[in-house]
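# Coordinate analysis (summary)
What follows is the residue order along each chain.
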Amino acid sequence: MYNIAIISGDGIGREVMEASEYLLNKLDLNFNFNYGEAGFDCFNKNGTTLPEETIKIAKSSDATLFGASTSTPGQPSPIINLRKELDVYANLRPIKSYKGIKSIKDNIDFIIVRENTEGLYSQIEYGDSEKVIAERVITRKASEKISEMAFKLASRRKKQNKVTCVHKSNVLKKTDGVFKESFYNVAEKYPQINTEDFYVDATAMYLITNPENFDVIVSTNLFGDILSDESAGLVGGLGLAPSGNIGDKYGLFEPVHGSAPDIAGKRISNPCSMILSTAMMLDYLGEKEIASKINCAVENVVAKGKVLTPDLGGKAKTMDMAEAIVSEVIQC
Ligand code: NAI
Ligand code: MG
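All figures in this text were calculated on a predicted structure; none of them were measured in a lab.

Considered domain by domain, the chain is made up of domain 1 (1–98 + 235–332) and domain 2 (118–234). The interface is formed by 19 residues belonging to domain 1 together with 15 residues belonging to domain 2. Summing the contributions of domain 1 and of domain 2, the shared interface buries around 1300 Å²; its carbon and sulfur component is 59%. By the criterion of area lost to domain 2, the three top residues of domain 1 are Tyr89, Arg93 and Val235, representing 34% of everything that side buries. Run the count over domain 1 and domain 2 and you get three salt bridges. With a shortest N-O distance of 3.1 Å, Asp225 and Arg93 are connected by a salt bridge. At the boundary of domain 1 and domain 2, one finds nine residue pairs in polar contact (both at pLDDT 80 or more). Per-element tally for the side of domain 1 that touches domain 2: the top contributor is strand S4 (residues 90–96), with four residues. Among the residues making up the side of domain 1 that touches domain 2, the classes are represented as 11 nonpolar, four polar and four charged.

Right under this line is the structure:
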């Protein structure tokens, strides 16, 4: 029996979470769902975007699934604060090309390892109406921890066994100086893994010109966030981009996308990012076989091209695609 915290949030967060719960309930495993509130609607109801009760639920569960939440003016981001609360310092964002989906190249397979607790997302901003300052906090400890995670991952991946450090140390000399230095310090422990480092602006271009050359990319919080949306765009969009937030104690799994107010309520959101994030959660929980079956099911449904949501060029509703994926799990 696994205790899973379910935090749907709002917008399409609710729709894609419904798809994940539907899938989990069809598996040959037992789950107990603990529901927590967060986000915009939660703020309107409770005066906070992330109630203490929700944090408690996440901390007392074996893993957490998060949908998406619309930003609330003047309020902190619930997902950023939840990541901090759980100290899930590594945000893992796998990117791969899918058969049947238009992709910039057809042999893309890399993972972005984004530092999740500091950088420009420290949410420390101050100033007056004339001048405002945001603190970009980079610590050696967090930089070494995230590099360690990237090298560990690279040593488990078949591909090229390479880690690319992405930074802007020519301008952000102190902060990214520490980040890059920490990366190369950790690299010494992994002589079998190749290393390289690029500036973030050049990386944004290489992702388009040579995305197949990347294996593991490690970067700071904001750069990792931007590059992961760009990367999702290379392989079919945010509907196919899952993520896992991992720390020493907790795991929090969520799609890369947000609450998509432009399509929310129409029930046409692509459930794959949430379903693939759910597979990442099952893998984290040790259910490797069922996790890979879910990945295979998504690949098959997408390759067949019969039941696709509009973002992938089809006409299916969220739950139609979820049902097609569940039927495919049995065959995988
Ligand atoms: P978004 O990711 O919500 O949407 C960007 C575009 O991708 C939209 O055109 C949307 O329709 C499309 N899209 C995203 N997910 C999709 C899916 N599953 N299926 C089909 N199409 C999909 O980003 P946006 O528009 O910048 O932000 C909307 C709201 O979400 C904002 O309030 C933002 O602050 C919040 N947000 C929340 C996040 C979270 O909760 N983790 C992450 C990113 C944004
Ligand atoms: Mg983002």
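Before going further, it helps to examine the layout of surface pockets. Roughly 1000 Å³ of internal volume is contained in the largest pocket. If you go around the largest pocket, you meet 30 residues; those closest to its centre are Pro94, Ile111, Leu153, Met280 and Asp283. Its residues assigned to classes, the lining of the largest pocket comprises 19 nonpolar, two polar and nine charged. Counting contributing residues, the lining of the largest pocket receives three or more from each of domain 1 (1–98 + 235–332) and domain 2 (118–234). What the second largest pocket holds in volume is close to 480 Å³.

Overall, the coordinates contain 10 aromatic pairs when judged by the stated rule. Between Phe183 and Tyr184, the aromatic rings sit 4.9 Å apart at their centres with planes inclined by 75°, giving edge-to-face as the arrangement. Judged by relative accessible area, which is 0%, Phe183 ranks as buried. An aromatic cluster of at least three residues, connected via ring pairs, comprises Tyr2, Phe31, Phe33 and Tyr35. Stacked on the ring of Tyr199, the Lys or Arg Lys168 has its end atom at 5.4 Å from the ring centre.

The next subject is the state of the cysteines. For the coordinates displayed, the defined rule picks out one disulfide. Between the sulfur atoms of Cys296 and its disulfide partner Cys332 the distance amounts to 2.0 Å. Across the S-S bond of Cys296 and Cys332 the torsion is about -85°, and the bridge reads as left-handed. Separated by 36 residues along the polypeptide, Cys296 in helix H10 (residues 288–304) and Cys332 in the segment after helix H11 (318–331) bring together distant segments of the chain. By relative accessible area, which is 25% here, Cys332 ends up partly exposed. Summary of cysteine pairing: Cys272 is not part of a disulfide, and the nearest cysteine sulfur, belonging to Cys332, is at 13 Å.

Looking down a regular strand, the side chains alternate between one sheet face and the other. Where burial is concerned, most of S4 is hidden: five out of the seven residues are buried. Judged from the seven bridges that link them, S4 and strand S5 (residues 109–115) form a sheet pairing that is antiparallel. Across the sheet, residue Asn91 finds its bridge partner in S5, namely Arg114.

The rules behind each value
- Residues numbered from 1 in each chain as written.
- Chains lettered and ligands numbered in written order.
- Predicted model: local features only at pLDDT ≥ 70, side-chain atom pairs only at ≥ 80, totals over all residues.
- Heavy atoms only, no water.
- Domains from an automatic or database assignment.
- Contact = heavy atoms within 4.5 Å.
- Buried area = accessible area lost by both parts, 1.4 Å probe.
- Salt bridge = Lys/Arg side-chain N within 4 Å of Asp/Glu carboxyl O.
- Polar contact = N/O pair within 3.5 Å; in protein donor to acceptor, adjacent residues only side chain to side chain.
- Helix = DSSP H or I, 4+ residues; strand = E, 2+ residues; numbered from the N terminus.
- Nonpolar A, V, L, I, M, F, W, Y, C, P; charged D, E, K, R; others polar.
- 1 Å grid on protein atoms, 1.4 Å probe; cavity = no way out; pocket = protein on both sides within 12 Å on 5 of 7 lines; lining within 4 Å.
- Points joined across faces, edges and corners; volume = space filled by probe spheres on them.
- Phe/Tyr/Trp six-rings, centres within 6.5 Å; stacked < 30°, edge-to-face > 60°.
- Buried < 20%, exposed > 50% of the residue type's maximum accessible area, 1.4 Å probe, protein only.
- Lys NZ or Arg CZ within 6 Å of the ring centre and 35° of its normal.
- Disulfide = S-S within 2.5 Å.
- Pairing = 2+ DSSP bridges.

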